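Structural overview for review
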Amino acid sequence: MTLPAGWTARRPTLDDVPAILKVVHAADIFAVGYPDFDAEDVDSVLTAPFFDPARDSWLVTDPDGTAVAWAILNNPTGVGREFVDVLVDPERGADLRAPLLARQLDRVAERAAERGLPALTVRCGVFAPETRWAAELAGAGFTRVKRYIRMSRSLADLPAEPAPPAGVTIRPLYAGDEADLRLFHRIFDAAFRDTPDYEPLGFDQWRELLPSYGKVWDEWFVAEVDGEPAGALQSSDQALDHDMGWVRTLSVLPAYRRRGVGAALLRRAFAVYAAKGRASAGLGVDLANPTTPVTLYRSVGLREKRWTDVYERTVNAARSVG
C-alpha cells in the first residue's frame, strides 16, 4: 500500500483507543448519521478473543499523527467465517479503504493457513450511503449475499402488556442457575439450526461470550407452552447509549412457531425496557431468515429504520505463514 508522504500505517495499541474512536465516529456519522461506538467498544475489539492487534489490525495516521483509518478483523468464536471492516474518516481517508482491505484479505489467507483450512469465507458490511465501498468490494471479488434491517419502536406509547396466548407463560432467565443457562442455550441452538448462516457453538463457548453482551440478565426471558420450553429472548446492552433496549436474539422452537410465543416474548421485553425508562426498543433482522420474522416484528410495533448489506468472498489459505 502506497501512502502519501509522511503518512504511516502501523499496528494499533490500547493507547490508540481515543484516536481510533474519532475515526470510528466520523465513519459512523457518514454511514448511519450518529456515533454508534464508544471507547469501551473499541477496547473490546482490540482485546477480543482470537484477535491479535499486532497482526490483525492497521491504523493509518497523517503527518501530524492524526488517525484517519482503522482496519480490523473480527471472529469472536475462532470458528467459521471471518469479518473484515475498514473504517475511515470520509473526508480524508476514503482512498485508503481498498488498499487496507487488500492487506486484511492477505491476513485472512494467513489465518486460514494457521487454522489448517484450505480457505475461509470473509464478509464485510455496507451501509446505504457507502456506495463507493460497495463498488470497491465488488472490485475485490465480493458478492452481495444478504441484507439486514434495523427495526425499532418508541416505548413512550407502549400499550399495556396483553396476556399471553392460552398455555403460554413468560418467565425471566435464572442467570445464576447452570441448568437454566443450559436450557436457554438448547432453545437458542435448536431454534437457529434451520437458518442458513448459523454456526453452532457448544455451551461452553457460548457461555464464554455472554459477558460481551452486558449484564442485563433481568432482560433475558424463557417462554413455555403448557410447561414445556418453547422459546427464549436474549437482550444486550449494546444500545444503552441511545437509551434503547436491544433484542439480540429471539428464539422459538419450530414446533411452537406461529402460536404467539415470539410476540409474547417481545412484549415482555418491551415492558421491562419501558419500566426502566428506556425511550425505545430495537433489533436487527436477517432478511434471509426463512422464518420471515419481519411480519412478527411489525405486529408488535417495530418499523424498519435502515439497512446494511453483507458482502462475501472466499479467500484461499496462504501457502506459508511467516
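Residues numbered from 1 in each chain as written. Predicted model: local features only at pLDDT ≥ 70, side-chain atom pairs only at ≥ 80, totals over all residues. Heavy atoms only, no water.

**A few points about the overall build of the protein chain**
Within the protein chain, the regular secondary structure consists of 8 helices and 12 strands. Here the protein chain has a C-alpha radius of gyration of 21 Å; the compact-globule value for 322 residues is 20 Å, and the two agree. Projected onto the principal axes, the alpha-carbon positions of the protein chain cover approximately 70 × 45 × 35 Å. Per-residue burial for the protein chain yields a buried fraction of 47% across its 322 residues. Long-range pairs, those at least 24 residues apart, make up 71% of the contacts in the protein chain with a sequence separation of at least 6. (Helix = DSSP H or I, 4+ residues; strand = E, 2+ residues; numbered from the N terminus. Rg over C-alpha atoms; globule rule 2.2 N^0.38 Å. Buried < 20%, exposed > 50% of the residue type's maximum accessible area, 1.4 Å probe, protein only. Contact = heavy atoms within 4.5 Å.)

**Quick look at the domain arrangement of the protein chain**
Taken domain by domain, the protein chain consists of domain 1 (8–141) and domain 2 (151–308). For domain 1 versus domain 2, the distance between C-alpha centres works out to 29 Å. With 14 residues of domain 1 at the interface, the matching set in domain 2 holds 9 residues. Interface area for domain 1 against domain 2, summed over the two sides, is near 1100 Å², with a carbon-plus-sulfur share of 49%. Considering only the surface of domain 1 that becomes buried against domain 2, Thr77, Arg81 and Phe127 emerge as the three largest contributors, covering 34% of it. Counting the contacts that link domain 1 with domain 2 gives 2 salt bridges. (Domains from an automatic or database assignment. Buried area = accessible area lost by both parts, 1.4 Å probe. Salt bridge = Lys/Arg side-chain N within 4 Å of Asp/Glu carboxyl O.)

**What about the sheet that holds strand β9 (residues 228–236)?**
Strand order across the open sheet formed by 12 strands is β1-β2-β3-β4-β5-β12-β6-β11-β10-β9-β8-β7, with mixed pairing between neighbours. Here the strands that pair on one side only, and so sit at the sheet edges, are β1 (8–10) and β7 (168–172). Recorded for the sheet is a direction-independent mean angle of 25° between the axes of neighbouring strands. Of the strand pairs in this sheet, strand β8 (residues 221–225) and β9 are connected by 5 bridges, and their pairing is antiparallel. Residue pairing for β9: Val222 is matched across the bridge by Ala232. (Pairing = 2+ DSSP bridges. Axes fitted to C-alpha atoms, helices over the stretch in contact; angles between N-to-C directions.)

**Overview of the environment of Gly125**
Counting through the fold element by element, Gly125 comes out in strand β5 (residues 119–127). Judged by relative accessible area, Gly125 falls into the partly exposed class, the value being 28%. With residues up to four places along the chain from it excluded, the contact list for Gly125 reads Glu130, Trp133, Thr308 and Asp309.

**Here's the deal with the side chain of Arg150**
When you line up the elements, Arg150 lands in strand β6 (residues 143–154). For the buried residue Arg150, which engages in no salt bridge, the nearest side chain bearing the opposite charge is Asp36, 4.4 Å off. Residues within four places of Arg150 in sequence aside, it is in contact with Tyr34, Asp36, Met244, Trp246, Leu283, Gly284, Arg303, Glu304, Lys305 and Arg306. (Lys, Arg positive; Asp, Glu negative; His and termini not counted.)

**Structural notes on the side chain of Asp62**
Within the fold, Asp62 resides in the loop between β2 (57–61) and β3 (67–74). We classify Asp62 as buried; its relative accessible area is 4%. Polar contacts involving the side chain of Asp62 include one to the main-chain amide nitrogen of Asp64, which spans 2.9 Å. Apart from residues no more than four positions distant in its own chain, Asp62 is found in contact with Gly6, Trp7 and Arg92. (Polar contact = N/O pair within 3.5 Å; in protein donor to acceptor, adjacent residues only side chain to side chain.)

**Some remarks on the pairing of strand β11 (residues 280–286)**
Where burial is concerned, most of β11 is hidden: 6 out of the 7 residues are buried. In this structure, β6 lies alongside β11, joined through 7 bridges in antiparallel fashion. By the bridge assignment for β11, Ile149 is matched with Val285. The pairing of strand β10 (residues 244–252) with β11 spans 4 bridges and is parallel.

**Some points on the packing of aromatic side chains**
Scanning the entire structure with this criterion turns up 9 aromatic pairs. Consider the rings of Phe188 and Tyr198, whose centres lie 5.8 Å apart with planes at 85°: the pair is edge-to-face. Here Tyr198 lies in the loop between α5 (178–192) and α6 (203–209) and Phe188 lies in helix α5, a separation of 10 residues in the sequence. The burial state of Phe188 is the same as that of Tyr198; both residues are buried. With a centroid separation of 4.9 Å and 50° between ring planes, the pair formed by Trp217 and Trp220 is classed as tilted. On the basis of relative accessibility, which here comes to 1%, the residue Trp220 falls in the buried class. Here the aromatic cluster, defined as three or more aromatic residues joined through ring pairs, consists of Phe184, Phe203, Trp206, Trp217 and Trp220. (Phe/Tyr/Trp six-rings, centres within 6.5 Å; stacked < 30°, edge-to-face > 60°.)

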